[in-house]
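# Overview (structure and organization)
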Amino acid sequence: MDGGLRLDLNWLDYLLLTLYFVTVLGVGFAARRAIRTSVDFFLSGRSLPAWVTGLAFVSANLGALEIIGMAANGAQYGIMTTHYYWIGAVPAMVFLGIVMMPFYYGSKVRSVPEYLRLRFNRPTHLLNALSFAVAQVLIAGVNLYALALVLDALLGWPLWISIIVGAAIVLTYISIGGLTSAIYNEVLQFFVILAGLIPITVIGLVKVGGFDGLFDKVRNSDLGEAGLHAWANTGSSDNPLGAHWLGIVFGLGFVLSFGYWTTNFAEVQRALSARNMSAARRTPLIAAYPKLLIPLVTIIPGMIAVVTVQGLGADEGDLVYNNAIPLLMRDLLPNGVLGIAVTGLMASFMAGMAANVSGFNTVFTYDIWQTYVKRERDDDYYIKVGRLATVGGIVVGIGTAFIAAGFSNIMNYIQALFSVFNAPLFATFIVGMFWKRMTAAAGFWSLLSGTVVALATYLLYLGGALPFDTDLEESFWGAGLAFVTVLVAAFVTSRFTAPKPESELRGLVRGLGGIDLKGDVVAGDAAWYRSPLLLGGVALALSLLFYIPVW
Amino acid sequence: MNDEEERRSAAARMFDVRRVIGGLFVVYGVIVTLVGAFDGSTAIDKAQGVRINLWAGLAMLAVGLLFLMWQWLSPAEAPEPAESDGDDVENEGGDASVR
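Not measured: the values here are computed from a predicted model.

About the criteria used
Residues numbered from 1 in each chain as written. Chains lettered and ligands numbered in written order. Predicted model: local features only at pLDDT ≥ 70, side-chain atom pairs only at ≥ 80, totals over all residues. Heavy atoms only, no water. Helix = DSSP H or I, 4+ residues; strand = E, 2+ residues; numbered from the N terminus. Rg over C-alpha atoms; globule rule 2.2 N^0.38 Å. Buried < 20%, exposed > 50% of the residue type's maximum accessible area, 1.4 Å probe, protein only. Contact = heavy atoms within 4.5 Å. Areas by Shrake-Rupley, 256 points an atom, 1.4 Å probe, with all protein chains shown as cover. Lys, Arg positive; Asp, Glu negative; His and termini not counted. Charge placed at Lys NZ, Arg CZ, Asp CG, Glu CD. Salt bridge = Lys/Arg side-chain N within 4 Å of Asp/Glu carboxyl O. Expected span 1.5 Å × (residues − 1). Core = buried A, V, L, I, M, F, W, Y, C linked by side-chain atoms within 4.5 Å. UniProt positions renumbered as here; feature names shortened; annotations may be inferred.

In terms of regular secondary structure, chain A is built from 22 helices and 0 strands. At 23 Å, chain A has a C-alpha radius of gyration in line with the 24 Å of a compact globule built from 551 residues. If one aligns the C-alpha atoms of chain A with their principal axes, the spans along those axes are about 65 × 55 × 50 Å. Out of the 551 residues belonging to chain A, those deemed buried represent 63%. Considering only residue pairs separated by 6 or more positions, chain A has 82% of its internal contacts joining residues 24 or more positions apart. Counting every atom, chain A has about 19300 Å² of accessible surface; 65% of that belongs to carbon and sulfur. Mean positive and mean negative side-chain charge positions of chain A (32 and 32 charges, respectively) differ by 15 Å.

Right, here's the structure in full:
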């Protein structure tokens, strides 16, 4: 079945695609005029309103890997995939906004590693800055490679052309316009992605006879009744995901999800660019609402695909689960909305990659170059370094795209990266933020030992020494072991070393004061609907409520 | 308001993200609606009998116009220098600061 996935794009679809790229580049050039200082370049001058940073926050996560991967999971596992959203994202986003953001934003740090430098010491800072920089470049490479694969399949563009064109566009708008440009484009991407996914969902639902028709058809498919429940049969691992509820709640819902959402600088950076404390806290909370609803346009299409596309779920070829969305685009969309959908897909690749690259250049410039290599140069110098770091990061990213090529399931590769880097980091954070007696040395040794344990678990699994059933199971376990290791290391090391004086920890650790939640409010922030507690509480309640019909 | 401020203010208005989204969606909306109005039976059959281009086009047009209207009703003010201590009280929508 050669060319089976090829979409029939005409001049109209290409016109829509071109208009999009012209706009994206235009935003980059327009943003350039607003850049005066390095804070403008790296943190948008801390001036953005909450709805902009909130949508950018969700968009930075709404990469195409996420969309394609979640539609694939929807086709393979059914409703259980909603765990990645409702328990695997929303609680962590609410926690970030309500509990952690005051420390991040209030301490005026410019990056996540910088928090570690203030709370612990320079070795902890350097370790995290380096591992973050490496991870971001690896993930940017994955995005690039996946983009190229999809463009090859859908449009017949050769891999190397897609890689270079994709990289060049992201490079241009970020190196010129900095974070403002990345964030504006993310907000734009959010709407374009939805404009592409909604028609697929609507036509798909019409085809299968609405939600009732879809559920009936799923019941009669291989997935069966089990594909329509989120929590049923999670007392054992006899369910589509093969996961026990303990694993879902603690592995996915706590360690992996909190690790990703609360300490991943590519996400947190969006909130740090908000214009005041209130907007920063509301950033992840506002993002939680779209996140609650995104399953409608990812998982539902995946389930539609599994009942309408004959033979979906093959081990290789065009009918792999990962092609659920592209197959629906081919079968259901006429020219016009087809062009919008292709644009949305490309936009989402760029959203993912741009988030990684803009996180990378900030950490590289502020946390590595300015802190350890060339100190106390003028601000213009660091803007220049930031632009060069963007170029460097993308060039290396192109190289790492080929590492990604070695993995059968790209989503699992990403999960493995997260379990190695984010889980120990989150554990270190959570102890450091809540336990003032955790010492500087404990920060370093916890983070290091946690990372080593996660990495060792992963390498032993790859080498065949640890018999996990799936990649996913490995990342749950790797993350969990790393978490426990950090707790133990933090406790033991703190017993034998001296804690930092409390005066140095004010504003960084809970219970010591030093954080002003209201000092920079603007009119309107006091409105009841802007209360972080209310926004967060409603988001949590909705995520519980949404589970009820699909229990 | 000196020259510098005026220039910044103009740049801020030009560069309001609502204008970017609104502009692109209005253009998309017009194009796709027009296509939808003249869709042949092949296109309609492919989309399960739904005139999807028409509907999607109109929806995008509406979204685009909403963003432009929002910007028109509460225009962006020039972002103030970083050390301002929040006297931009009239900023009702709370969404206008743009850089």
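Next comes the rest of the description.
Glancing now at the overall build of chain B. When helices and strands are counted, chain B shows 4 helices and 0 strands. Along its sequence from the N terminus, chain B presents helices and strands in the succession α-α-α-α. Counting the 99 residues in chain B, one finds 44% classified as buried. In chain B, the proportion of contacts linking residues at least 24 apart, taken out of those at least 6 apart, comes to 65%. As displayed, chain B offers around 5300 Å² of accessible surface, 64% of which is attributable to carbon and sulfur atoms.

What follows concerns the pattern of salt bridges. Residues and elements named next belong to chain A. All chains considered together, the criterion is met by 7 salt bridges over all chains. Glu-502 is paired through a salt bridge with Lys-436; the nearest N and O atoms lie 3.1 Å apart. Placement of Glu-502 in helix α21 (residues 502–505) and of Lys-436 in the loop between α18 (410–434) and α19 (440–463) is noted, with a sequence separation of 66 residues between them. Residue classification places Glu-502 among the partly exposed positions, given a relative accessible area of 42%.

What follows covers helix α3 (residues 50–61) of chain A. Its 12 residues place the ends of α3 of chain A 17 Å apart at the C-alpha level, agreeing with the 16 Å of an ideal helix rising 1.5 Å per residue. Taking burial as the measure, the 12 residues of α3 of chain A include 12 buried ones, the bulk of the element.

Let's shift gears to the nonpolar core. Counting 200 residues, the largest nonpolar core has Tyr-20, Tyr-104, Val-187, Met-329 and Phe-429 of chain A as its most contacted members. Considering every element that reaches this core, the biggest residue donor is helix α9 (residues 159–208) of chain A, with 22 residues.

Glancing now at the UniProt feature "transmembrane region" (unreviewed entry) in chain B. Residues and elements named next belong to chain B. Sequence positions flagged by UniProt for "transmembrane region" (unreviewed entry) are, in local numbering, residues 20–40 and 52–73. Secondary structure across residues 20–40 comprises 86% helix and 0% strand; the distance between its end C-alpha atoms is 32 Å. Secondary structure over residues 52–73 splits into 100% helix and 0% strand, and the C-alpha atoms at its two ends are 31 Å apart.

In this section: the environment of Met-93 of chain A. All names here are of chain A. Tracing the chain through its elements places Met-93 in helix α6 (residues 90–106). A sequence separation of 446 residues divides Met-93 from Ala-539, and the C-alpha atoms of the two residues are 9.5 Å apart. With sequence-adjacent residues up to four places away left out, Met-93 is seen in contact with Phe-57, Trp-261, Pro-284, Leu-285, Ala-287, Ala-288 and Lys-291.

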